[in-house]
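# Close look at the chain arrangement
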Amino acid sequence: QVQLVESGGGLVQAGGSLRLSCAASGSFYSRNTMGWYRQAPGKQRELVATIARGGMTNYVDSVKGRFTISRDDAKTTVYLQMNSLKPEDTAVYYCNVQDWITGRNYWGQGTQVTVSS
């Protein structure tokens, strides 16, 4: 069974920074893409950033230049450094692992990020 445990969310003022972490455990292949998604109240869940095994990254346009995704494969952990936060970044942030071999998708429980103006 795969478990994803997120941490690092919280309340921050606009312009501030937060760093999210997601530690993955259990049985899944190292050939995977790890990522972060978010869901604001009344909105659909959207992709924030992904990072593939090997380091290729992808970001939604609204966070480019402000957020940085990284991964530590030795720790099976993915990070999201969020700088210059804006009130519109307020959402529940979810960690995701997409296993290339099995095609399975795994999700964390979510962590709340609130940015006050």
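Described below are features of the structure shown in this document.

Rules used in this analysis
Residues numbered from 1 in each chain as written. Predicted model: local features only at pLDDT ≥ 70, side-chain atom pairs only at ≥ 80, totals over all residues. Heavy atoms only, no water. Helix = DSSP H or I, 4+ residues; strand = E, 2+ residues; numbered from the N terminus. Rg over C-alpha atoms; globule rule 2.2 N^0.38 Å. Buried < 20%, exposed > 50% of the residue type's maximum accessible area, 1.4 Å probe, protein only. Contact = heavy atoms within 4.5 Å. Areas by Shrake-Rupley, 256 points an atom, 1.4 Å probe, with all protein chains shown as cover. Pairing = 2+ DSSP bridges. Axes fitted to C-alpha atoms, helices over the stretch in contact; angles between N-to-C directions. Salt bridge = Lys/Arg side-chain N within 4 Å of Asp/Glu carboxyl O.

## Topic: the overall build of the protein
Across its full length, the protein holds zero helices and 11 strands. Reading the helices (α) and strands (β) of the protein from amino to carboxyl end gives β-β-β-β-β-β-β-β-β-β-β. Scaling as 2.2 N^0.38, a compact globule of 117 residues should have a C-alpha radius of gyration of about 13 Å, and the protein matches this with 14 Å. Projecting the C-alpha coordinates of the protein onto the three principal axes gives extents of approximately 45 × 25 × 25 Å. Counting the 117 residues in the protein, one finds 42% classified as buried. A fraction of 54% describes how many contacts in the protein between residues 6 or more apart in sequence connect residues 24 or more apart. A total accessible area of about 6,300 Å² is found for the protein, and carbon and sulfur atoms account for 46% of it.

## Structural notes on the environment of arginine 45
Checked against the element boundaries, arginine 45 lands in the loop between strand 4 (32-39) and strand 5 (46-52). A relative accessible area of 36% places arginine 45 in the partly exposed class. Separated by 46 residues in the primary sequence, arginine 45 and alanine 91 place their C-alpha atoms 9.4 Å from one another. Filtering out sequence-adjacent residues up to four positions away, arginine 45 remains in contact with Tyr37, Arg38, Gln39, Tyr94 and Trp107.

## Points about the sheet that holds strand 1 (residues 3-7)
Strand order in the open sheet formed by four strands is 1-3-8-7, with antiparallel pairing between adjacent strands. Either end of the sheet is taken by a strand with one partner, and the two such strands are strand 1 and strand 7 (67-72). Each strand axis lies, on average, 15 degrees off the axis of its neighbour in the sheet, ignoring direction. As paired strands, strand 1 and strand 3 (residues 18-25) are joined by five bridges and run antiparallel to one another. Within strand 3, the position partnered with leucine 4 by the bridge is alanine 24.

## With respect to the pattern of salt bridges
Applying the stated rule across the entire model yields six salt bridges. One salt bridge connects aspartate 61 with lysine 64, and the closest N-O pair in it is separated by 2.9 Å. Between arginine 66 and aspartate 89 there is a salt bridge, with its nearest N and O atoms 2.8 Å apart. On the criterion of sequence distance, the pair formed by arginine 66 in the loop between strand 6 (57-59) and strand 7 and aspartate 89 in the loop between strand 8 (77-82) and strand 9 (91-99) is long-range, its members being 23 residues apart. Across the pair, exposure class does not vary: arginine 66 and aspartate 89 are buried alike.

## Digging into unusual backbone geometry
A positive phi angle is found at threonine 76, which is not glycine, with a value near 45 degrees. With relative accessibility at 28%, the residue threonine 76 sits in the partly exposed group. With a phi close to 50 degrees, serine 84 is a non-glycine residue in the positive phi region. Assignment of secondary structure puts serine 84 in the loop between strand 8 and strand 9.

## Some details on the environment of glycine 15
With respect to the secondary-structure elements, glycine 15 resides in the loop between strand 2 (10-13) and strand 3. For the pair glycine 15 and methionine 82, spaced 67 residues apart in sequence, the C-alpha to C-alpha distance is 9.9 Å. Non-local contacts of glycine 15, meaning those with residues more than four positions away in its chain, are made with Ser84 and Leu85.

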